[in-house]
2 protein chains.
Amino acid sequence: MSLGERKRKILKAIIDEYIEHGEPVGSKVIAMHSGLDLSPATIRNEMSDLENMGYLQQPHVSSGRIPSQAGYRLYVDELMNGHKLTNTEIEAINQGLQLKMKELDELIRGVSRVMAQLTNYTTYAVVSGASEVCIRKFDLMLVDSRTVVVVMLSSRHDIRNTYLKTAFPITEEELSVLNRMLNQLFTNLTLDKIDMLLVRRAEREMGRLGVLVPPIVNFAAEVMEEGAENNVYVGGASRILSHPEYRDTAKAQKLLDFISERKGLSVADDEGVHIAIGRENNAEPLSDASVVYGSYGKGTPMQGTLGIVGPVRMDYAKVAANLNYFLTGLDKLLRETFSIEEE
Amino acid sequence: MSLGERKRKILKAIIDEYIEHGEPVGSKVIAMHSGLDLSPATIRNEMSDLENMGYLQQPHVSSGRIPSQAGYRLYVDELMNGHKLTNTEIEAINQGLQLKMKELDELIRGVSRVMAQLTNYTTYAVVSGASEVCIRKFDLMLVDSRTVVVVMLSSRHDIRNTYLKTAFPITEEELSVLNRMLNQLFTNLTLDKIDMLLVRRAEREMGRLGVLVPPIVNFAAEVMEEGAENNVYVGGASRILSHPEYRDTAKAQKLLDFISERKGLSVADDEGVHIAIGRENNAEPLSDASVVYGSYGKGTPMQGTLGIVGPVRMDYAKVAANLNYFLTGLDKLLRETFSIEEE
DNA sequence: ATTAGCACTCGAAAGTCGAGAGTGCTAAAA
DNA sequence: TTTTAGCACTCTCGACTTTCGAGTGCTAAT
């Protein structure tokens, strides 16, 4: 059953109005401000129809209507205007993007923070785990004669480090031998290719520095394991507090806790911005929240999803437009960084 | 004017009771549960005195008393019982400490998270800036023929990295020359010792790899600058929401915003646990919050302060005991790591 | 010095009431 | 057939009142 043009216009006007003001909207306001030249009574009839069709609902009989989740869905799919980014927004996004490109491993953390600032909603970024993680490079540095810092670069472009203490002093020369050996034996191997035999062999070959091998390999294994998992960052957690639908602290906390759990957040792996409204999120704590999300960096080792979480009454047009622009920019930067040519 | 023993006992009983239940306490409860063998009427007289002395206050005339900030101060200084850590707490702390000792630069972030989990309050950790920061080591890695990762280790034991792209392919050999040169020229220099002449000279000497010198030195300068600043991490931001005094979202947000500002938080540099109650914090947004904080790692490059922020009605005994134990453990670990012997 | 007794105060919860916004329905107008 | 004016009706919201009870301060007796 498809809606007539007039019903669509009225529905759109109601939702626009409700998104802006957050209060049930009555027939009078729509009659006046919608541009349609109709009396409140006519609007009322149409509203009644829209309610029967499931697009609107009435908190109580003597109050205006608010959109149902189905109503929002239709709005998002077919009714809402594209939001034209303001210059301020564009500038803020561009600036946000430049911020952290220097330090790739901090990038995503920063991105989710910037996006939170931009939209005033809580955001999350999921860095997708890769199935085949390996260590690209080991690098050992001597801090003092008995302290070694091990830096390793994974195929996911994580750079991780760990400190090791030795019982005896070691020299730069010894260390560089160990360094070379680690890079020969343990780079570009996925976790399942590293077995105890290999570790033993390395240990034996290295003489007295052999004791360093197991802790280093262990740490490497940890890095690889973590690299295989999705990694989630949350930005602007406290921002949901500024929205009236989360005036109730318990509700706010439930949502925040769920997000901080870092599980069950929507992940995209195709182009474009996705919107999940209320119960469309298949997670109970999100049943009265909406998530706007999209994928970035597809094809690069840093691919992932950036999402914005807010109340169902959210300015979808604006948020989606912002996210879209942000994603496009981020994508471009990542492609340049990882030298992926457009085909 | 010093308090008689009986008044002290009554005051202690009142504050204990109030901390536990959060509601104004009346004379009856104290008469029954305080162990003192006195009638409510007597208690009332004493309470009246205590109010005149400024240790208690009455929300309204027909309600029980609550402690004033001065009352809490006295309680904290002289009245409260030491809290004996439970086995569960000890275990949780020990586990929390081991968690991240491997990765020093992640350590403090982790510490503040663990402490938040432990106490169910919002926490912060300030890593003190050092006045004389320098780069200890540079380390260059070739990711692919035109991408270099620069890793640098600062005297603050920050390990930071940045990605550089070159217009032309470079070899391992070239890179190791650059690496050696950077380590010779730019390590162990504070920021004020690095001038353009030095950079120019290095640039010239390096031939075609010279173009890499300025961005690397710039980044190093950034790292040094940041190392001179205090660095603040916040843990468990959403936890204040679980305390009834922050049922009011606006209030909660004001406090959270202040903490996230990362400025004006109390820093300690002597032994032991400090407690600042309400307006004792010299920051307006903290005027009805309390901060329990203490210093760790004194003498190591990672020294700083760990603090817990909560409502004035806080279980000081428990929080202080937990923090104290945590700080001691952390301190010990840091001293071992940085090989500082006890004198 | 302590305590029982009692009048008093005041906040919180429940109840009452009128105003106003908004509806649905009906009958007239277009 | 569609639209609209008119009107009775519903229900929330805020203001006001009432009731209840916890807790007090004071007085007089112990």
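Our subject is the structure listed above.
Here is a short report on the structure shown in this document.

Rules and cut-offs
- Residues numbered from 1 in each chain as written.
- Chains lettered and ligands numbered in written order.
- Predicted model: local features only at pLDDT ≥ 70, side-chain atom pairs only at ≥ 80, totals over all residues.
- Heavy atoms only, no water.
- Core = buried A, V, L, I, M, F, W, Y, C linked by side-chain atoms within 4.5 Å.
- Buried < 20%, exposed > 50% of the residue type's maximum accessible area, 1.4 Å probe, protein only.
- Helix = DSSP H or I, 4+ residues; strand = E, 2+ residues; numbered from the N terminus.
- Contact = heavy atoms within 4.5 Å.
- Axes fitted to C-alpha atoms, helices over the stretch in contact; angles between N-to-C directions.
- Parallel < 35°, antiparallel > 145°, perpendicular 65-115°, else oblique.
- Left-handed = near helix turned anticlockwise from the far one by under 90°.
- Nonpolar A, V, L, I, M, F, W, Y, C, P; charged D, E, K, R; others polar.
- Pairing = 2+ DSSP bridges.
- 1 Å grid on protein atoms, 1.4 Å probe; cavity = no way out; pocket = protein on both sides within 12 Å on 5 of 7 lines; lining within 4 Å.
- Points joined across faces, edges and corners; volume = space filled by probe spheres on them.
- Near = heavy atom within 4 Å.
- Polar contact = N/O pair within 3.5 Å; in protein donor to acceptor, adjacent residues only side chain to side chain.

Next up on the list: the nonpolar core. Soluble globular proteins: nonpolar side chains tend toward being buried together. Among the nonpolar cores identified, the biggest contains 119 residues, and Leu306(A), Tyr316(A), Phe326(A), Leu306(B), Tyr316(B) and Phe326(B) are the most heavily contacted of them. One finds Ala289(A), Tyr293(A), Ala252(B) and Ala276(B) within the second-largest nonpolar core, a separate group that totals 40 residues.

When you line up the elements, Asn179(A) lands in helix H7 (residues 172–186). Excluding anything up to four places from it in sequence, Asn179(A) contacts Phe138(A), Asp139(A) and Leu140(A).

This brings us to the packing of helix H7 (residues 172–186) of chain B against helix H8 (residues 196–205) of chain B. Residue and element names in this part refer to chain B. Put simply, H7 and H8 touch, their axes get as near as 11 Å, and they point 160° apart. Taken together, H7 and H8 sit at an angle that is classed as roughly antiparallel. Note that H7 runs across H8; the crossing there is right-handed. For the pair formed by H7 and H8, the contact residues are Met181, Leu185 and Phe186 on the first element and Leu198, Val199, Arg201, Ala202 and Glu205 on the second. A breakdown of the residues in the contact of H7 with H8 according to their chemical character gives six nonpolar, no polar and two charged.

Let us look at the pairing of strand E10 (residues 304–311) of chain A. All names here are of chain A. Most of E10 sits inside the fold, with eight of its eight residues counted as buried. Judged from the six bridges that link them, strand E3 (residues 122–127) and E10 form a sheet pairing that is antiparallel. Within the sheet, the bridge partner assigned to Thr123 lies in E10 and is Ile308. In this sheet, E10 lies alongside strand E9 (residues 289–296) in antiparallel orientation, the contact comprising eight bridges. Residue Ala289 lies in a different strand from E10, and its bridge partner there is Pro311.

For the rest of this paragraph, the subject is the layout of surface pockets. Here the second largest pocket defines a volume of roughly 740 Å³. In terms of lining, the second largest pocket is formed by 26 residues, of which the most central are Asp139(A), Asn179(A), Asp139(B), Ser176(B) and Asn179(B). Elements represented by at least two residues in the lining of the second largest pocket include exactly strand E4 (135–144) and H7 of chain A together with strand E4 (135–144) and H7 of chain B. Broken down by class, the residue content of the lining of the second largest pocket amounts to ten nonpolar, seven polar and nine charged.

A few words now on the protein's contact with DNA strand D. Near DNA strand D, the surroundings consist of 21 residues, among which Arg6(A), Thr42(A), Val61(A), Ser62(A) and Ser27(B) are the closest. A share of 73% is what sugar and phosphate atoms reach among the atoms of DNA strand D within 4 Å of the protein. Ser39(A) is positioned with one of its backbone polar atoms (N or O) 3.0 Å from a phosphate oxygen of DNA strand D. The backbone of Ser62(B) places a nitrogen or oxygen atom 3.5 Å from a sugar or linking oxygen of DNA strand D. Put simply, the parts of the chain that give the surface near DNA strand D at least two residues each are helix H3 (40–52) of chain A together with helix H3 (40–52) of chain B. The residue makeup of the surface near DNA strand D, split by class, is five nonpolar, eleven polar and five charged.

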